[in-house]
Amino acid sequence: MISDKVLILFPYEININNGGPSGFLAHNLLDKPRDCFVLSQDIIKTHPEKITKKIDYIIKRILFLWKNRGKDKGKLKEEFFYKYYFEKSEAKNYKYIFFHETIHFERFRKYISENQVIILQSHSPEIPSVEYRDWAPLNKEEISFREKAEKEAFKRADIIVFPNEGCVSIYETLITDRSKIKYILSGAKKDYNNDRKNSYELPEDKINLMYIGRRNKIKGFDIVLETFRRAREKRKDINLVIIGNGEKISEEGITDIGFSKNPIGWYNSADYLINANRQSYFDLSVIEALTTGIPIIMADNFGHGYYKGKSSLIKTFNVDSPDELYEILTGNLEKRDYKKRENMELYEKNLTDGCYYERFKKFVREIMDTEG
């Protein structure tokens, strides 16, 4: 059994433009030396979509030969895909397997042996089944599956990874007495091709605030919008730029951009980024924002408690007391001073993808010493 490298078993595309674990892995490990880990994509070079098409053909043949038209094609296809992926990635040969989603562990669970060490990191700012329920409240079968998956994954995991201690309480109902918890602070890449030349024109006579992300409750979009509207009744020199998909908002003082492929350009342009997560994991978007030096106004709960007191360019507030955000927005806000680099320095010192990789290598060495 291979015991000198960790296999990161991730059966879907790793893409830096994606959120969640796909974007996380693309930022932090995709281009790193494989001296202590292997990505399953390194072994299975076929794109997951091509595997799916191949399996689709096999299943059609099976159903034709069985003459059993009533069999659930979707479930059969799913089972074939994960069985095929586990075998072709040679996962049975690795002592250490690292999962970044609880549903991935559940799909592979029947193929994992008892002597394999399972490492788990979930990247959701809330329990994954709860997050999914908000997206698809009527899909009872999938919700039930995800609830089972997260319970089984946390129960079986030998090691559970979080970015910092603040994230642990998000998952407290799933953590068991046997759980070994380790911390690896996340990082993110900086796009060195995106300097201040990559920016947008915003009103010079306004203090331009920006919100980026999903317009849902967990991200606190309603808090940002309602508090901004209240604050603008008191002061007319603030402007809110909204980046991300959602129903168009057209009103004085708000610029709704919708989806953008160039968030860095907006970070370079605005005077402040507002992040009002009701529950914070450790957002890649915040780390990316730090690379541009933009001042940040943010809720400091859970994983984002890390940022409290870290920089004079980061103002924090208690999301359960919306008046705190109101007081910041109606208080002493100033136009951005591009000479101030404290947020960039915080990024360079602690939150680069290189910093993460060094922490990851240390983590791997430690588990091989203790679990070996």
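Structural data are supplied above this passage.
If you're wondering where the values come from, they're calculated on a predicted model, not measured in any experiment. (Residues numbered from 1 in each chain as written. Predicted model: local features only at pLDDT ≥ 70, side-chain atom pairs only at ≥ 80, totals over all residues. Heavy atoms only, no water.)

### Observations regarding the overall build of the protein chain
The secondary structure content of the protein chain amounts to 13 helices and 12 strands. A compact globule built from 372 residues would reach a C-alpha radius of gyration of about 21 Å, and the protein chain, at 23 Å, matches this within 12%. For the C-alpha atoms alone, the extent of the protein chain along its principal axes is close to 70 × 50 × 40 Å. Pairs at least 24 residues apart make up 66% of the contacts formed inside the protein chain by residues separated by at least 6 positions. Of the accessible surface of the protein chain, which amounts to about 18400 Å², a share of 48% is contributed by carbon and sulfur atoms. Side-chain charges in the protein chain split into 63 positive and 58 negative, and the spacing between the mean points of these groups amounts to 5 Å. (Helix = DSSP H or I, 4+ residues; strand = E, 2+ residues; numbered from the N terminus. Rg over C-alpha atoms; globule rule 2.2 N^0.38 Å. Contact = heavy atoms within 4.5 Å. Areas by Shrake-Rupley, 256 points an atom, 1.4 Å probe, with all protein chains shown as cover. Lys, Arg positive; Asp, Glu negative; His and termini not counted. Charge placed at Lys NZ, Arg CZ, Asp CG, Glu CD.)

### Things to note about the pairing of strand 1 (residues 2-8)
One ladder, built from 4 bridges, connects strand 1 with strand 3 (residues 94-99); its direction is parallel. Considered in strand 3, the bridge of Ile2 is made with Tyr94. (Pairing = 2+ DSSP bridges.)

### Some points on helix 12 (residues 342-351)
Within helix 12, burial applies to Asn343, Met344, Leu346, Tyr347 and Leu351. Buried residues along helix 12 cover an arc of 155° about the axis, so they all sit on one side. Those residues of helix 12 hidden inside the fold are in contact with helix 10 (284-292), strand 11 (296-299), strand 12 (314-317) and helix 13 (353-371). (Buried < 20%, exposed > 50% of the residue type's maximum accessible area, 1.4 Å probe, protein only. Arc of directions from axis to C-beta.)

### Quick word on the environment of Thr352
Summarising the element assignment, Thr352 is placed in the loop between helix 12 and helix 13. In this structure Thr352 comes out as buried when scored by relative accessible area, which is 11%. Once the C-alpha coordinates of Thr352 and Ser186 are considered, the two residues, 166 residues apart in sequence, prove to be 8.3 Å apart. Look past the residues within four positions of Thr352 in its chain and what remains in contact with it is Gly187, Ala188 and Tyr347.

### Points about unusual backbone geometry
With a phi angle near 60°, Glu90 is a residue other than glycine that sits in the positive phi range. The residue Glu90 is located in the loop between helix 4 (73-88) and strand 3 in this model. Judged by its relative accessible area of 38%, Glu90 is partly exposed. Positive phi outside glycine occurs at Phe302, with the angle close to 50°. Relative to the elements of secondary structure, Phe302 occurs in the loop between strand 11 and strand 12.

### Some thoughts on the packing of aromatic side chains
Inspection of the entire model under this criterion finds 23 aromatic pairs. On the numbers, 5.5 Å between centres and 80° between planes, the contact of Phe282 with Tyr306 is edge-to-face. In this pair, Phe282 sits in the loop between strand 10 (272-275) and helix 10 while Tyr306 sits in the loop between strand 11 and strand 12, placing the two residues 24 residues apart along the sequence. The exposure class of Tyr306 is buried, given its relative accessible area of 16%. Aromatic rings pair up to connect Tyr12, Phe81, Tyr82, Tyr85, Phe86, Phe99, Phe105, Phe108 and Tyr111 into one cluster. Positioned over the ring face of Tyr306 is Lys310, at 4.2 Å from the centre of the ring. (Phe/Tyr/Trp six-rings, centres within 6.5 Å; stacked < 30°, edge-to-face > 60°. Lys NZ or Arg CZ within 6 Å of the ring centre and 35° of its normal.)

### With respect to helix 10
Counting buried residues in helix 10 gives 7 out of 9 residues, a clear majority hidden from the surface. Elements that come into contact with the buried residues of helix 10 comprise helix 1 (20-28), helix 9 (263-269), strand 10, strand 11, strand 12 and helix 12. With its phi angle positive at about 85°, Gly293 sits one or two positions after the end of helix 10.

Treat this as a map of the structure, not an account of what it does.
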